[in-house]
Amino acid sequence: METKIVKPNIFAVYKPVGISSHSMVNRVRRMTGEKRVGHAGTLDPMASGILVVAVGRASTKLLQQHVEAEKEYVATFTLGVTSTTDDQEGEMTALSGVLAPSETQIVHALESFIGTIEQVPPQYSANKINGRRAYKLARQGKTVELRAKIVVIKSIDLLTYTFPLLEIRIVTGSGVYIRSIARDLGKLLGTGAYMSALERTRVGQFGLFDVKPTDILPESTKNTAL
């Protein structure tokens, strides 16, 4: 009896701002006609960038290695303002009397996040507390206390800085919340801060050059009957 060899069908799509990762998966599902579709790591609706997708049962079983892969982001932080969600979707509070930190202060502060660190996830996150999502509890006005998690930050580079905006490139291990870094940086600088933009530019070996803007799917995955 001949053994059928099934090749992994795992590729990168580009998720634009304004739609959820779940919506992107549904879009791939409709275009391929395949019910079993998964992704390797959620991007919030306000974020854009690389979303690694697997089509078919054999491929989705291999997604975990991509979930755990190194990731690269380009993020914009806004100083002088805090957000209940640590990003632009929350309720904003402007801090008075904030002095603009120098570029040297910014760089030194960012360097303190590099390495293996403890990070508290945002209150508005999908982490569970006694079986319930933290963001659902927070929306109900309940106090959310999330435990710090050990995460790895491999590098952070300051790309541009003109107060109150700074842009960074950051390379991380899995499970890192970039908006938590914005929040904690604001505390460290005494300015307050939130993440005002985010693009994931790489997941493992998948980078922006692996995604064609006009082609949501590689030709080999398209269902010609659709």
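So, here is what we can say about the structure in this document. (Residues numbered from 1 in each chain as written. Predicted model: local features only at pLDDT ≥ 70, side-chain atom pairs only at ≥ 80, totals over all residues. Heavy atoms only, no water.)

### Notes on the overall build of the protein chain
Assigned secondary structure in the protein chain consists of six helices and 13 strands. Taken across its 226 residues, the protein chain has 43% of its residues classed as buried. Sequence-distant contacts in the protein chain: of pairs separated by 6 or more residues, those separated by 24 or more amount to 70%. Accessible surface for the protein chain amounts to roughly 12,500 Å². Of this, 50% is attributable to carbon and sulfur atoms. (Helix = DSSP H or I, 4+ residues; strand = E, 2+ residues; numbered from the N terminus. Buried < 20%, exposed > 50% of the residue type's maximum accessible area, 1.4 Å probe, protein only. Contact = heavy atoms within 4.5 Å. Areas by Shrake-Rupley, 256 points an atom, 1.4 Å probe, with all protein chains shown as cover.)

### Side note on helix H4 (residues 103–111)
Looking only at H4, the buried set comprises Ile106, Ala109 and Leu110. Here the buried residues of H4 occupy an arc of 100° about the axis, which is enough to place them on one side. Residues of H4 that are buried sit in contact with strand S4 (71–79), strand S10 (149–162), strand S11 (165–172) and helix H6 (178–189). (Arc of directions from axis to C-beta.)

### Section: the environment of leucine 185
Locating leucine 185 in the fold gives a position in helix H6. Assessed through its relative accessible area of 0%, leucine 185 is described here as buried. In this structure, the C-alpha to C-alpha distance between leucine 185 and isoleucine 106, residues 79 residues apart in sequence, is 8.7 Å. For leucine 185, the residues in contact, after removing those within four places along its chain, are Phe77, Ala109, Leu110, Phe113 and Leu166.

### Overview of the environment of serine 196
Positionally, serine 196 belongs in strand S12 (residues 193–203). Relative accessible area serves as the criterion here: at 14%, serine 196 is assigned to the buried category. Between the C-alpha atom of serine 196 and that of phenylalanine 77, which follows or precedes it by 119 residues, the distance is 5.5 Å.

### A short note on unusual backbone geometry
In this structure, the amide linkage connecting phenylalanine 163 to the following residue, proline 164, adopts the cis form with an omega of 10°. With respect to the helices and strands, proline 164 occurs in the loop between S10 and S11. The phi torsion at aspartate 86 lies on the positive side, around 70°, for a residue other than glycine. Within the secondary structure layout, aspartate 86 lies in the loop between strand S5 (81–83) and strand S6 (92–94). For aspartate 86, a relative accessible area of 8% puts it in the buried group.

### Description of the pattern of salt bridges
Counted by the stated rule, this structure contains five salt bridges. Here arginine 202 ties to glutamate 70 by a salt bridge, and the two come within 2.6 Å at their closest N and O atoms. Taken together, the residues arginine 202 in strand S12 and glutamate 70 in the loop between helix H3 (64–67) and S4 connect sequence positions 132 residues apart. Judged by relative accessible area, which is 27%, glutamate 70 ranks as partly exposed. With its nearest N and O atoms 2.9 Å apart, the salt bridge here joins aspartate 184 to arginine 183. Connected through shared salt-bridge partners, Glu70, Lys154 and Arg202 make up one network. (Salt bridge = Lys/Arg side-chain N within 4 Å of Asp/Glu carboxyl O.)

### Regarding the side chain of serine 83
Position of serine 83 relative to the elements: it lies in strand S5. Take serine 83: its relative accessible area is 7%, and that puts it in the buried class. Those residues in contact with serine 83, other than ones at most four positions away along the chain, are Gly90, Glu91, Met92 and Tyr194.

### Concerning the pairing of S10
As paired strands, strand S7 (residues 115–119) and S10 are joined by five bridges and run antiparallel to one another. Residue glycine 115 lies in a different strand from S10, and its bridge partner there is isoleucine 153. In sequence, S10 turns back onto S11 through a hairpin of two residues. (Pairing = 2+ DSSP bridges.)

### A word on the pairing of S12
Counting buried positions along S12 gives eight out of 11 residues, so the element sits mostly inside the fold. In this structure, strand S3 (residues 48–55) lies alongside S12, joined through two bridges in parallel fashion. Pairing of serine 48 across the sheet is with glutamate 199, part of S12. Here nine bridges tie S4 to S12, and the two strands are oriented antiparallel to one another. For lysine 71, the partnering residue across the bridge sits in S12 and is valine 203. Note that S12 and strand S13 (residues 206–207) share two bridges and pair antiparallel.

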